[in-house]
Amino acid sequence: MGAKGGDDIVNGAESLVRTLVEGGVDVCFANPGTSEMHFVAALDRVDGMRCVLGLFEGVVSGAADGYYRMSEGPAATLLHLGPGYANAAANIHNANKAGSGMVNIVGDHATYHRQYDAPLTSDIETLVRPNSHWVKTSPDAKSIAADGAAAIAAARTPPGQIATLILPADTAWNEGTGPVAVPPAAKRAAVGSGPVEEAAKVLRSGEPAMLLLTGRALRADGLALAGQICAKTGARLMAQGSNARTQRGRGRVALERVPYVVDQALKVLDGLKHIILVGSRMPVAFFAYPDKPSLLHPKDCQGHVLCTLEEEPIGALEALAEAVGAQRTPAPVVNELAPLLATGKIEPMALGQSLGALLPENAIVVDEAVTTGRGFFAPTQAAAPHDWLSNMGGSIGMGLPVATGAAVACPDRKVVCLEGDGSGMYTLQALWTQAREGLDVTTLLFSNRTYQILKGELANVGAGNPGRKALDMLDLSRPDLDWVGLAKAMGVPGAKVTTMEEFNRRLGEGLATPGPYLVEVEF
Ligand SMILES: Cc1ncc(C[n+]2csc(CCOP(=O)(O)OP(=O)(O)O)c2C)c(N)n1
Ligand SMILES: [Mg+2]
């Protein structure tokens, strides 16, 4: 069998790349291998595809997640067989929970080569299925473009889906077709009158009620409507514990999140009789703990679905505002001044305060600050308007990659990545991609040299008093990580700070200079 794919014919890989570009998928986060070489070669022959190399597949998939959250269009990923996918899987899990769409292209052995069980052979379909809404192995080169178009359509299905196209090497190098047009994107379904009437009835009853928001409803327009409804009816307003993208800051309706700590969450939700679910589900504890409930709402509290995550929330909130007569009620927006800079010793609330003071207008905040950042919402509430992106799937190592993808999606906006030292070590290669692509990301690396959160969790699960061996599993010292050195080695300048004055200066410096910058916050 002669390998084709010279300049004279359009091979399968090229027909796929053309289909992607013409279908509006013009960014590909990639970590290729031999089976993807024809795809890589096609990049030179097709204009319009921006290809971004990640040096670990978790960077690739996390970047696709951040890209989708900010651009609302899927990026492609290029991954090398089963192991490449497996390395990407944790951040695909996170993206899936975030409702982010992406088109994964996973190379495979040539169809006729699979039977010989060469080293990289594995059952890719089985590996990818749990985190993919759409899976297909392309059977031949003539099918690839059509399969690619179907994958894009699947990825665009609201709120965003994971589509995985497996590309055997011979389907990439044999003669393909022209590009295939992508079917029109599915629209979010409108909510009917039933759920609106039910929610309105609950709100009119005067019983203690709360609107619980997530997903698309957390943009400024949805928040304004929810703010009007709550101001008019006296209902409370909250967001889920984690949310893919929340618009916050001055001029917007502020809201609290359901706390992570079970006892705090139980207290916050105590007394409620009704929760109106706007894209959300009834709140559940992140983990089970002995003698604590999994469900966080009071026993006699009822849930009412106004809309699901897939449905269109703005129309539903408009209809609800009308039904309760809130159209002319002013939404209670934040109009305080941003906080002043904190000084002195570094501690979490001081960091939040200075962050609130310095966040530039329209910043994108990616939050994987874990314990350090748990209280950052309050002091950043009156910061300049910004978007806040959280970890949706609980798999740490999303922060630096999501920030990378968000910066690719929004080159005119400043990205501020809040990163724990433990979480940061999973996917620190993202810093290299930020340097190579000149991405405007300022990373605040919270170097407490521990898995701090797990110290609390050890006690919470009733595991008893930890001894030396157990504590060593939660400790990141011996040796201490040199984050400024790590960043520098990957082409990202940075500085270490040990006081709030230095923090303020260095964060200011990072924000004022284009390109990536890292502040190692030692405390
Ligand atoms: C993929 C994955 N592995 C392990 C964990 C368990 N885990 C949760 S938080 C955490 C440590 C976080 O440490 P760090 O980022 O330093 O946050 P800190 O609590 O110190 O602020 C670990 C290991 C996880 N959530 N995901
Ligand atoms: Mg830590």
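See the structure above.
Residues numbered from 1 in each chain as written. Chains lettered and ligands numbered in written order. Predicted model: local features only at pLDDT ≥ 70, side-chain atom pairs only at ≥ 80, totals over all residues. Heavy atoms only, no water.

### Focus on the sheet that holds strand β4 (residues 102-108)
Move 1: Pairing is parallel across the open sheet formed by six strands, whose spatial order is β2-β1-β3-β4-β6-β5. Every interior strand has two partners, whereas the edge strands, β2 (50-53) and β5 (134-137), have only one. Between one strand axis and the next, the sheet turns through 20° on average, direction left out of account.
Move 2: Pairing of β5 with strand β6 (residues 162-168) involves four bridges; the strand directions are parallel. Of the residues in β6, the one forming a bridge with Trp134 is Ala163.
Move 3: Sheet contacts for helix α4 (residues 81-98): β3 (75-80), β4 and β6; angle to β3, the most-contacted strand, approximately 145°. (Pairing = 2+ DSSP bridges. Helix = DSSP H or I, 4+ residues; strand = E, 2+ residues; numbered from the N terminus. Axes fitted to C-alpha atoms, helices over the stretch in contact; angles between N-to-C directions. Contact = heavy atoms within 4.5 Å.)

### A short note on the pattern of salt bridges
Move 1: Following the criterion strictly, the structure yields 20 salt bridges and no others.
Move 2: A salt bridge links Glu125 to Arg129; the nearest nitrogen and oxygen atoms lie 3.2 Å apart.
Move 3: Under the relative-accessibility criterion, Glu125 is labelled partly exposed at 27%.
Move 4: By relative accessible area, Arg129 is classed as partly exposed at 44%. (Salt bridge = Lys/Arg side-chain N within 4 Å of Asp/Glu carboxyl O. Buried < 20%, exposed > 50% of the residue type's maximum accessible area, 1.4 Å probe, protein only.)

### Observations regarding the pairing of β4
Move 1: Of all the seven residues making up β4, seven are buried; the element is thus mostly covered by neighbouring parts of the structure.
Move 2: Neither face of β4 is left uncovered, since the one carrying Met102, Asn104, Val106 and Asp108 and the one carrying Val103, Ile105 and Gly107 both have all their residues buried.
Move 3: In terms of strand pairing, β3 meets β4 through six bridges, oriented parallel. Considered in β4, the bridge of Leu78 is made with Ile105.
Move 4: What joins β3 to β4 is α4, and the crossover it makes is right-handed. (Right-handed = clockwise from strand over helix to strand, strands pointing away.)

### A word on the pairing of β3
Side-chain direction in a regular strand flips from residue to residue, so the side chains alternate between the two faces of the sheet.
Move 1: In terms of burial, β3 is largely enclosed, as six of its six residues are buried.
Move 2: Alternating positions in β3 separate into two faces, Ala75, Thr77 and Leu79 on one and Ala76, Leu78 and His80 on the other, with burial throughout.
Move 3: With three bridges joining them, strand β1 (residues 27-30) and β3 adopt parallel strand pairing. Looking at the pairing, Cys28 lines up with Ala76 of β3.

### Points about the coordination of the magnesium ion (ligand 2)
Move 1: For the magnesium ion (ligand 2), the full set of protein donor atoms is Asp421 (OD), Asn448 (OD1) and Thr450 (O), and the range of their distances to it is 2.1 to 2.2 Å.
Move 2: Mapping the donors of the magnesium ion (ligand 2) onto the primary sequence gives the spacing D-x26-N-x1-T. In this pair, Asp421 sits in helix α15 (residues 421-424) while Asn448 sits in the loop between β16 (441-447) and α17 (452-460), placing the two residues 27 residues apart along the sequence. Comparing Asp421 with Asn448 shows no difference in burial state: the two are buried. (Donors = N, O, S within 2.8 Å, 3.2 Å for Na, K, Ca; no water.)

### Some points on a nonpolar patch on the surface
Move 1: Taken together, the side chains of Val370, Ile396 and Tyr426 make up a nonpolar region of the molecular surface, amounting to roughly 220 Å² of accessible area.
Move 2: On the secondary structure map, Val370 appears in the loop between β13 (363-368) and α13 (377-380).
Move 3: You can call Val370 partly exposed: its relative accessible area is 31%. (Patch = residues over 30% accessible without salt bridge, like charges linked within 9 Å, V, L, I, M, F, W, Y side chains within 5 Å. Areas by Shrake-Rupley, 256 points an atom, 1.4 Å probe, with all protein chains shown as cover.)

### Quick look at the site of ligand 1
Move 1: What surrounds ligand 1 is a group of 18 residues, the closest being Thr371, Asp421, Gly422, Ser423 and Ile453.
Move 2: At 2.8 Å, a backbone N or O of Thr450 approaches an oxygen atom of ligand 1.
Move 3: Within the backbone of Gln452, one N or O atom sits 2.9 Å away from an oxygen atom of ligand 1.
Move 4: Sorting the residues of the shell around ligand 1 by element identifies α15 and α17 as the ones contributing at least two each. (Near = heavy atom within 4 Å. Polar contact = N/O pair within 3.5 Å; in protein donor to acceptor, adjacent residues only side chain to side chain.)

### Overview of the side chain of Thr164
Move 1: Examined against the element boundaries, Thr164 turns out to sit in strand β6.
Move 2: At 3.3 Å, the side chain of Thr164 forms a polar contact with the side chain of Asn104.
Move 3: Contacts of Thr164, omitting those with residues within four sequence positions, involve Asn104, Val106, Val128, Ser132, Trp134, Val135 and Lys136.

### Structural notes on helix α14 (residues 399-409)
Along an α-helix, residues three or four apart share an orientation, since each turn contains 3.6 residues.
Move 1: Burial within α14 is extensive, with 10 of its 11 residues counted as buried.
Move 2: By the burial criterion, the buried members of α14 are Gly399, Leu400, Pro401, Val402, Ala403, Thr404, Gly405, Ala406, Ala407 and Val408.

### Observations regarding the nonpolar core
Move 1: With 47 residues, the main nonpolar core has Phe29, Ile364, Val366, Val415 and Leu431 as its most contacted residues.
Move 2: In this structure, Ala226, Ala239, Val253 and Leu317 belong to the second largest nonpolar core, which totals 32 residues. (Core = buried A, V, L, I, M, F, W, Y, C linked by side-chain atoms within 4.5 Å.)

### Quick look at the packing of helix α8 (residues 193-204) against helix α11 (residues 313-323)
Helix packing for two helices is described by the angle between their axes and how far apart those axes are.
Move 1: Packing of α8 against α11 leaves a shortest axis separation of 9 Å and a crossing angle of 45°. Judged by the inter-axis angle, α8 sits oblique to α11. In terms of crossing hand, the pair formed by α8 and α11 is right-handed. Side by side, α8 and α11 meet where Val196, Ala199, Ala200, Leu203 and Arg204 of the first sit next to Ala316, Ala319, Leu320 and Ala323 of the second. (Parallel < 35°, antiparallel > 145°, perpendicular 65-115°, else oblique. Left-handed = near helix turned anticlockwise from the far one by under 90°.)

### Examining the environment of Ala239
Move 1: Along the chain, the position of Ala239 falls in strand β8 (residues 236-239).
Move 2: Note: C-alpha distance between Ala239 and Ala406 (167 residues apart in sequence) is 22 Å.

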